[in-house]
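Coordinate analysis (summary)
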Amino acid sequence: MNKLPDSILESCIIPLLPMRDAVETSLISRRWRHLWRHSVLTRRNLEFDYPNVFGSRPRKNDDLDKFVKEYMELYQGEKMDSLKVVQDDIPFPLISPGNLDDWVRFAIAKGVEEIQLLLEWSLFDHKHELIFPGASSTLKHLTLRECDLRPDFDGFNNLRSLSLSYVTVDQIFMAHLLSNCLLLESLTIEYCNGLSHLSIVGDRLSDLKLSQCTRIEISAPNLVSLEYSEDFASINFVRTPPHLARIVTQVVKMHPAVLSCLASFPELETLSLTHRKECGELSQINSDLTFRNLKKLSLDLSHWNEYDNLDHLQSARDLLKAAPLLEEFILIL
């Protein structure tokens, strides 16, 4: 390997190593002493978790918090494209909330476009409220897990995708947030406390994933894909999205009104329905009902026993008849 030119070592070999191993190449020989610096300290895509930083065999004194803090102080890059920090619930020192705020501020100052903070605060008394420095930013993609936003957070002018998991929010905060993220195209809200009613407004929104929200109001005329883990009947479409092509959801009762709503989307191509045992029987399908563009249908009846399933096969058959262009049918029993 010592016969390889420095340019190959810097651009092809060292970047493949976990960060700690890359730094420790400086111990190989005098020639290797500074080879790692440019490759490691100017990376535009930074991913800080234990495997990427310390490799597959962590040591007892490994401290991700300390490593990232020291790395940011040495960073020499002019531009940062992405920052990802993963803190799992493992027996190593936890990340300091203050340091986390500093890293976010530093990344935004470097023009970062994507931030992912996937944290595990189960050992803390409360989750950290993240401080973002102002609304004007190059940030386009933000993913947060178990890391709250401060109530005075105004959003980002250029944000295209937002994913919140296990974050404490309420409908007032979400309304304020969405009104300040007018370019948002993708929104994911999963297992977030404080949401009983949610109003989603977004003229550019095309991809929406929701869970554990029992009352939903959607005004998103350009919506293309919708995933909703609760009863589809809980959704009120203020404006029918004409380009909605994919729906993944559950049904509490397969009423004609629910089926008519599902069939009202003219470009719907993929439909995945889960029908749980506590939901009651499938209703008889109206013979006039037509899913005129449906190509793929998935029907999950796995929560029913084999005798119940026999009663549902005719309804499933009627549903197939209502989709004349169907190409793929998946039945889960």
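Remember, predicted model here, so these are calculated numbers, not experimental data.

Procedures and definitions
Residues numbered from 1 in each chain as written. Predicted model: local features only at pLDDT ≥ 70, side-chain atom pairs only at ≥ 80, totals over all residues. Heavy atoms only, no water. Pairing = 2+ DSSP bridges. Helix = DSSP H or I, 4+ residues; strand = E, 2+ residues; numbered from the N terminus. Axes fitted to C-alpha atoms, helices over the stretch in contact; angles between N-to-C directions. Patch = residues over 30% accessible without salt bridge, like charges linked within 9 Å, V, L, I, M, F, W, Y side chains within 5 Å. Areas by Shrake-Rupley, 256 points an atom, 1.4 Å probe, with all protein chains shown as cover. Salt bridge = Lys/Arg side-chain N within 4 Å of Asp/Glu carboxyl O. Buried < 20%, exposed > 50% of the residue type's maximum accessible area, 1.4 Å probe, protein only.

Examining the sheet that holds strand β13 (residues 235–239)
The strand order β9-β11-β13 describes an open sheet built from three strands, whose pairing is parallel. Edge positions in the open sheet fall to β9 (197–201) and β13, since each of these has one partner strand only. The average angle at which neighbouring strand axes cross in this sheet is 15°, direction not considered. Relative to β13, strand β11 (residues 215–219) runs parallel, the two sharing four bridges. Paired with Ser219 across the two strands is Arg239, which belongs to β13.

Looking at the pairing of β11
As defined by bridge partners, β9 adjoins β11 across five bridges and the pair is classed as parallel. Bridge assignment links Val201 to a residue of β11, and that residue is Ser219.

A short note on the sheet that holds strand β7 (residues 161–165)
Strand order across the open sheet formed by twelve strands is β1-β2-β3-β5-β7-β8-β10-β12-β14-β15-β16-β17, with parallel pairing between neighbours. Either end of the sheet is taken by a strand with one partner, and the two such strands are β1 (45–48) and β17 (328–332). Going from strand to strand, the sheet's axes swing by 5° on average, the running direction of each strand aside. Note that strand β14 (residues 246–251) and strand β15 (residues 270–275) share six bridges and pair parallel. Counted as the bridge partner of Arg246 is Thr270 from β15.

Notes on a nonpolar patch on the surface
Side chains of Leu313, Phe329, Leu331 and Leu333 sit close together on the surface and give an oily, nonpolar patch of about 320 Å² of accessible area. Here Phe329 is to be found in strand β17. Phe329 sits in the partly exposed class, given a relative accessible area of 31%.

Geometric descriptors of this kind do not, in isolation, establish any biological role.
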